[in-house]
Amino acid sequence: MTPSPRGDLFDPACPTRRLLDRIGTKWTSMAVKVLAEADPREVRFAELQRRMPGVSQKMLSVTLRSLTRDGLVARRVEPTVPPKVHYRLTDLGRSLEIPLAALRNWAEENMAAIDRAHVAAED
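What counts as what
- Residues numbered from 1 in each chain as written.
- Predicted model: local features only at pLDDT ≥ 70, side-chain atom pairs only at ≥ 80, totals over all residues.
- Heavy atoms only, no water.
- Salt bridge = Lys/Arg side-chain N within 4 Å of Asp/Glu carboxyl O.
- Helix = DSSP H or I, 4+ residues; strand = E, 2+ residues; numbered from the N terminus.
- Buried < 20%, exposed > 50% of the residue type's maximum accessible area, 1.4 Å probe, protein only.
- Core = buried A, V, L, I, M, F, W, Y, C linked by side-chain atoms within 4.5 Å.
- Contact = heavy atoms within 4.5 Å.
- Pairing = 2+ DSSP bridges.
- Axes fitted to C-alpha atoms, helices over the stretch in contact; angles between N-to-C directions.
- Expected span 1.5 Å × (residues − 1).
- Bend = angle between axes of the 7 residues up to and from the residue.

Q: Please set out the pattern of salt bridges residue by residue, giving values where relevant.
A: For the coordinates displayed, the defined rule picks out 9 salt bridges. For D39, the salt bridge is made with R94, and the minimal N-O distance between the two is 3.2 Å. Here D39, found in the loop between α2 (26–38) and β1 (43–44), pairs with R94, found in helix α5 (residues 91–122); they are 55 residues apart in sequence, far enough to count as distant. Among the ionic pairs, R104 bridges to E97, the shortest N-O distance being 2.8 Å. Taking the relative accessible area as the measure of exposure, R104 reaches 17% and is therefore buried. Residue E97 is classed as buried on the basis of its relative accessible area of 16%. Among the charged side chains, a network of salt bridges with common partners joins K33, E37 and R51.

Following this line, the structure appears as structure tokens:
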């Protein structure tokens, strides 16, 4: 029997768990959204940071490095002083925008109900 190419989320050794940890963060979701809105244009680091309120330079750098390593984002460096760094979604990254948008929409539509459940649980 050949192993499934999809992986098994319930297997503790499955790499799917690590991938979901990386793509399931708020910063990843925001970065993919900003890059998808700019597509096919590139976005510079400083513009990404401006469009993602609350993200630190370090956290944005870590997020973009992870997305680049996973093949979801392409990075281009202009050899200027200081270097200008540009980012854009790859085809694989664009395919991630659809499920992330659905999750963002679900969260926005259901946040009030979840807040009410939290209040009720505290009573």
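Q: Which residues make up the nonpolar core, and what values go with them?
A: Membership of the largest hydrophobic core comes to 22 residues, with the highest contact counts inside it found for L35, L48, M52, L60 and Y87. Of all the secondary structure elements, the ones that give two or more residues to this core are α2, α3 (45–51), α4 (57–69), β3 (84–89) and α5. For this core, the leading source of residues is α2, giving 6 residues. Residues within four places of M52 in sequence aside, it is in contact with W27, M30, A31, V34 and L60.

Q: Any details on the sheet that holds strand β2 (residues 73–78)? Residues and values, ideally.
A: The strands making up a sheet associate through backbone hydrogen bonding, with each pair oriented either parallel or antiparallel. Ordered by their spatial adjacency, 3 strands build an open sheet running β1-β3-β2, and the pairing between neighbours is antiparallel. Edge positions in the open sheet fall to β1 and β2, since each of these has one partner strand only. Examined bridge by bridge, β1 and β3 share 2 bridges and lie antiparallel to one another. Of the residues in β3, the one forming a bridge with V43 is Y87. Against the sheet, α2 contacts β1, β2 and β3, and its axis sits at roughly 90° relative to β3.

Q: Requested: an account of unusual backbone geometry, with residues and values cited.
A: With omega at 10°, the peptide bond leading from D39 into P40 counts as cis. Residue V81 is joined to P82 through a cis peptide bond whose omega torsion reads -10°. In this structure, P82 sits in the loop between β2 and β3.

Q: I'd like to hear about α5, residue by residue, with values.
A: For α5, built from 32 residues, the straight-helix expectation of 46 Å at 1.5 Å per residue is met to within 8% by its first-to-last C-alpha distance of 45 Å. Bending of α5 peaks at approximately 50° at the position of N110. Every buried residue belonging to α5 is among G93, L96, E97, L100, A101 and R104, and all of these are buried.

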